[in-house]
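Observations on chain architecture
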There are 2 protein chains.
Amino acid sequence: MTLRKILVAQGGGPTAVINQSLVGLALAARQQTPPIQVLGARFGVRGIIEEDLVDLSKESQDDLERVALTPSSALGSTRDKPDLAYCQNIFKVLQAHQIDSFFYIGGNDSSDTVRIVRQEAQASNYPLRCIHIPKTIDNDLVGNDHTPGFASAARFVAQAFGGASLDNAALPGVYLGVVMGRHAGFLTAAAALAQNHPDDGPHLIYLPERTFDMAQFLADVQAVYARLGRCVVAVSEGIHDGSGMAIASQLAKEVERDAHGNVQLSGNGALADVLSEAIKSQLKIKRVRADTFGYLQRSFLGCVSDVDQREARMAGEKALQFALTGAVEGSVAIRRTGDYAVDYALLPIEEVAGKTRVMDDVFINEQGNHVTPAFVSYLRPLLGANLAQAHRLALHRIEKASDA
Amino acid sequence: MTLRKILVAQGGGPTAVINQSLVGLALAARQQTPPIQVLGARFGVRGIIEEDLVDLSKESQDDLERVALTPSSALGSTRDKPDLAYCQNIFKVLQAHQIDSFFYIGGNDSSDTVRIVRQEAQASNYPLRCIHIPKTIDNDLVGNDHTPGFASAARFVAQAFGGASLDNAALPGVYLGVVMGRHAGFLTAAAALAQNHPDDGPHLIYLPERTFDMAQFLADVQAVYARLGRCVVAVSEGIHDGSGMAIASQLAKEVERDAHGNVQLSGNGALADVLSEAIKSQLKIKRVRADTFGYLQRSFLGCVSDVDQREARMAGEKALQFALTGAVEGSVAIRRTGDYAVDYALLPIEEVAGKTRVMDDVFINEQGNHVTPAFVSYLRPLLGANLAQAHRLALHRIEKASDA
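Keep in mind that what you see is a predicted model, and the values were worked out from it rather than measured. (Residues numbered from 1 in each chain as written. Chains lettered and ligands numbered in written order. Predicted model: local features only at pLDDT ≥ 70, side-chain atom pairs only at ≥ 80, totals over all residues.)

What to know about the confidence of the model for chain A
With 94% of its residues at a pLDDT of 70 or more, chain A shows a mean pLDDT of 93. The ipTM for the predicted assembly is 0.94, set against a pTM of 0.95. (pLDDT = per-residue confidence, 0-100.)

Here you go:
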């Protein structure tokens, strides 16, 4: 199958390695004989309908390699969800530029966009290859062992809780960290990787896979605090009550939704503040501190997993290879084949599009307030090399000498 | 002068390198002939009065070297401010253990503790050497070019804004990051080091050295947003109105103070949320996101400046050397002697104790909403090696081809 001119865009929330996939695709296209021209759309599919396009074939190799190491989406992103009219506009532009293949790097909303664009292309008899390249810090794409972007964000969360637990040990109290994750708790669960010693934090982890019960939460915190004199808690922004309503959105004065109908949970500290207020007032613990990790966890400069970098790069390269060997549609997926080894498959787009994977039960403890060793084994190889390690003193006690 | 048995403690907020000073002191003491015994007090001066002491001379060299690389205070910390009775208890314990030198690693509150303990020792005719070893992410100790702990926290802030600016460029809107700093804006100002290109964030920086005016703030944000279609803002938690009252504490339902009378500003997201609400409601900008960096900035694992590590280690070593060469009291200070070189002085404790340094006027721009190039030059050499760099595509535009 011959590809002449392809177009790539980046959708949804940026990650630390989404540019690796972009560059993997662009360099693999450059490598072909003759080279395949690669156009990029600025700000996701919006850049297609607005014809805001750039020629990635003209980028220098050095720029591309440096951009691959830069977090966030170098082409810009969008949260637009194309409807029929939007897709017809996409076709007009792609046709006018004689694009034969559309690659969209994104999460489950973006994969759904790919599915719709492919459907519209078929309905219009337009021969457009449509390939979705996975990306999401939430790790919530079905059919994938894990997704590019997750491991680097998980590394940030683990390193953040590692430090926060040390800080909390030095100045004891209760520390809460609120982590991104609307429906899937993978990223919050990554906090568990901060635990080396049994008394290291996080001591409690609350995930959107389980119903959040305020009374049980307070009882859990009190039990840890009574035992250790301190308590470190990881909380997903997506925790919800029995009716499925997010605790965070119950608190928001005005609920903000994106084009996909998702309620905006990040970008404010309301959930952290309410939980911390409940601990102060009901448990009478004075020193309670709460942080909302917010946007730091997905684009902090210099916190990246080399495993994640490599896999994101390969996901971009593989997308082109699948198209070159005859695929006309699909979603690139990462599958674990060893400890630790992966391969890349192309799944039918319908199997991935718009679906949400959540944590398996085997990853969550019985009480629903922490993870299992199986989750730690699952995540550890993804975090990459040179993870900073905490260390403690042996602390040889001195006998009391005074009568003070 | 002969030292036989010294005691060290760590006070105030932890930093990424406070253990370097501890280990620098402990290893320098071990190196003497005969070795000086080093006791450590758990949880700052509280560990002295509670006689919660450990023998650091028994720690393995390897443990000490690994702990030096670990953020937060390995001995534990406290925010206690000793009064006369408290100090008399300190003496009882130090005397019972035949301690001849007391080293306290901490910020300006801790240096004031050192001053009081020394005064009480003199009043009691107890021959106790009292040396303060500097530490504070706030960089607010007088007599110092900068303080151990600041550079690593500044590195975190710069890398956080570097990533946040890229994220904001991909999904445009307004992004606010609230940074620690009660009276001194150094750490917030460090955000400026994220700017490589002129349109990189942070576009605006608000410091506690200037009066915060909400109307001017909103006008500033609107001007940047009108120009770039986006805006990244760094805000110090310590910003205050004309009366000197912190904006954050005006918002808090209940003001929490520590033993030094400091209002608790961190550990909640109220300031970020109020500023972001004002932008949404008054400027009608829809996408506004606000993060409070909180505790991540002072103890995140794996974000540390090698310059900071080295200087913190030297500050601990130098403290012992000053005592060995006859000093009976003082505060170790870092002075800049070249570009880039430093030396270490011992200042009279009264010159440092309880005083707060703020940013020089030459470091703040005329409008009071950003820093000057002088500040960037001041900070750059402190951030250390291997700082992650952002890079962008050249973005060669494609001519419009459709009539879409």
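Having put the structure on the table, let's press on.
What about the relation of the copies chain A and chain B?
After a rotation of 180° and a shift along the axis of 0.0 Å, chain A superposes on chain B with an RMSD of 0.0 Å. In symmetry terms, the pair is related by a two-fold rotation axis. The rotation axis passes nearest to the C-alpha of G269(A) in chain A, at a distance of 2.3 Å. Same-surface contact between copies: 100% of interface residues of chain A are shared with the interface of chain B. (Least-squares fit on C-alpha atoms with pLDDT ≥ 70 in both. Contact = placed C-beta atoms within 7 Å.)

Some words on the sheet that holds strand 9 (residues 288-292) of chain A
Residue and element names in this part refer to chain A. Across the sheet, four strands lie side by side as 7-8-6-9; this open sheet has parallel pairing. Two strands lie at the open edges of the sheet, namely strand 7 (204-206) and strand 9, each paired on one side alone. Going from strand to strand, the sheet's axes swing by 15° on average, the running direction of each strand aside. Across the sheet, helix 8 (residues 214-228) lies against strand 6 (174-179), strand 7 and strand 8 (231-236), angled at about 155° from strand 8, the strand it touches most. (Pairing = 2+ DSSP bridges. Helix = DSSP H or I, 4+ residues; strand = E, 2+ residues; numbered from the N terminus. Axes fitted to C-alpha atoms, helices over the stretch in contact; angles between N-to-C directions.)

Focus on the domain arrangement of chain A
Residues and elements named next belong to chain A. Partitioning chain A into structural domains gives domain 1 (5-148 + 303-352) and domain 2 (150-300 + 360-382). Contacts between the two partners involve 24 residues from domain 1 and, on the opposite side, 22 residues from domain 2. Here the residues of the side of domain 1 that touches domain 2 are counted per class, giving nine nonpolar, eight polar and seven charged. (Domains from an automatic or database assignment. Nonpolar A, V, L, I, M, F, W, Y, C, P; charged D, E, K, R; others polar.)

Observations regarding the interface of chain A and chain B
Contacts between chain A and chain B engage 69 residues on the former and 70 residues on the latter. Broken down by element, the residue count for the side of chain A that touches chain B peaks at nine residues, all from helix 6 (residues 150-170) of chain A. Of the residues in the side of chain A that touches chain B, the class split is 33 nonpolar, 21 polar and 15 charged.

Things to note about unusual backbone geometry
With an omega of -10°, the peptide bond running from T33(A) to P34(A) counts as cis. Residue placement: P34(A) occurs in the loop between helix 1 (18-31) and strand 2 (37-41). The omega torsion across D339(A) and Y340(A) is 20°, close enough to zero to call that bond cis. Topologically, Y340(A) is positioned in the loop between strand 10 (329-338) and strand 11 (341-347). The phi angle at F43(B) is positive, at roughly 60°, despite the residue not being glycine. Take F43(B): there are 21 C-beta atoms within 10 Å of it, and that puts it in the buried class. A positive phi is found at Q98(B), a non-glycine position, where the angle reads about 55°. (Buried ≥ 20, exposed ≤ 12 C-beta atoms within 10 Å, placed from the backbone.)

Some words on the sheet that holds strand 4 (residues 101-106) of chain A
Residue and element names in this part refer to chain A. Taken together, the seven strands give an open sheet; going across it, the order is 3-2-1-4-5-10-11, and neighbouring strands pair in mixed fashion. Only two strands of the sheet have a single partner each, and these edge strands are strand 3 (53-55) and strand 11. Taking each pair of neighbouring strands and ignoring which way they run, the sheet shows an average axis angle of 25°. By the bridge criterion, three bridges tie strand 5 (residues 129-134) to strand 10 in an arrangement that is parallel. Within strand 10, the residue paired with H132 across the bridge is S331.

Notes on the packing of helix 8 (residues 214-228) of chain B against helix 10 (residues 270-283) of chain B
Residues and elements named next belong to chain B. At a closest axis distance of 11 Å, the pairing of helix 8 and helix 10 adopts a crossing angle of 70°. The angle between helix 8 and helix 10 falls in the class roughly perpendicular. Helix 10 is crossed by helix 8, and the crossing has right-handed handedness. Here helix 8 contributes M214, L218, V221 and Q222 to the contact with helix 10, which in turn contributes A278, I279, Q282 and L283. In terms of residue class, the contact of helix 8 with helix 10 is built from six nonpolar, two polar and no charged. (Parallel < 35°, antiparallel > 145°, perpendicular 65-115°, else oblique. Left-handed = near helix turned anticlockwise from the far one by under 90°.)

Structural notes on the environment of Q119(B)
Residues and elements named next belong to chain B. Assignment of secondary structure puts Q119 in helix 5 (residues 108-123). The exposure class of Q119 is partly exposed, given the 16 C-beta atoms found within 10 Å. For the pair Q119 and C87, spaced 32 residues apart in sequence, the C-alpha to C-alpha distance is 9.4 Å.

Digging into the nonpolar core
By size, the foremost hydrophobic cluster in this structure holds 272 residues, and its most contacted members are V157(A) and V157(B). The residues touching V157(B), leaving out its near neighbours within four places in the chain, are V179(B), L187(B), A190(B), A191(B), F293(B) and Q297(B). (Core = buried A, V, L, I, M, F, W, Y, C linked by C-beta atoms within 7 Å.)

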